[in-house]
Amino acid sequence: MLEEVGVTVDTTVDARKETMRAEDAWQLVQHAGEIVVGKGKKVLRLQPQQAGKEAVLAEVLGRSGTLRAPTLQLGERFLVGWSEPMYAEYFPQGNKV
């Protein structure tokens, strides 16, 4: 999917084999400039230093208590979960993702 819009992926992790629980997820995202969470058509933007650990984890963890997939790091920004409008914003190519 990302290759179709000219994105090169540096590292890929299979979330089914390498799960990331709450504390590890927080360690990963706590210093991000922005976390963008996609859930269907809904897109939520968080600044972890302002939102706080509990609020961030409530949005980035799935029902199983692990980091939601897909999660992409773009510099100091994380895209968490799936939302077509979110991906179209960050990876535009005729608004198709």
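What counts and how
- Residues numbered from 1 in each chain as written.
- Predicted model: local features only at pLDDT ≥ 70, side-chain atom pairs only at ≥ 80, totals over all residues.
- Heavy atoms only, no water.
- Pairing = 2+ DSSP bridges.
- Helix = DSSP H or I, 4+ residues; strand = E, 2+ residues; numbered from the N terminus.
- Phe/Tyr/Trp six-rings, centres within 6.5 Å; stacked < 30°, edge-to-face > 60°.
- Salt bridge = Lys/Arg side-chain N within 4 Å of Asp/Glu carboxyl O.
- Buried < 20%, exposed > 50% of the residue type's maximum accessible area, 1.4 Å probe, protein only.
- Arc of directions from axis to C-beta.
- Contact = heavy atoms within 4.5 Å.

Caption draft 1: Seen up close, the pairing of strand 3 (residues 71–74). When strand 3 meets strand 4 (residues 77–82), the two strands line up antiparallel, connected through four bridges. The residue bridging Gln73 from the neighbouring strand is Phe78, located in strand 4. Counted along the chain from strand 3 to the antiparallel partner strand 4, the turn is two residues long, and its residue Gly75 has a positive phi close to 65°.

Caption draft 2: Local environment of unusual backbone geometry. Here Ala69 and Pro70 are connected by a cis peptide whose omega angle stands at -5°. As for its placement among the helices and strands, Pro70 is situated in the loop between helix 3 (53–60) and strand 3.

Caption draft 3: Region of the structure containing the packing of aromatic side chains. Counted by the stated rule, this structure contains two aromatic pairs. Put simply, the rings of Trp82, Tyr87 and Phe91 pair up and form one aromatic cluster.

Caption draft 4: Focus on the pattern of salt bridges. Under the counting rule described, the total for this entry stands at six salt bridges. Linking Arg16 and Asp14 is a salt bridge whose minimum nitrogen-to-oxygen distance equals 3.3 Å. Look at Arg16 and you get exposed, because its relative accessible area is 75%. On the basis of relative accessible area, Asp14 is assigned to the partly exposed category, the value being 29%.

Caption draft 5: Looking closely at helix 1 (residues 22–29). Those residues of helix 1 lying buried are Ala25, Trp26 and Val29. On an axial view of helix 1, the arc spanned by its buried residues comes to 100°, and they lie on one face. Tucked into the core, helix 1 has its buried residues touching strand 1 (34–39), helix 2 (48–51), helix 3 and strand 4.

Honestly, that's just the spatial picture; any functional story needs more than this.
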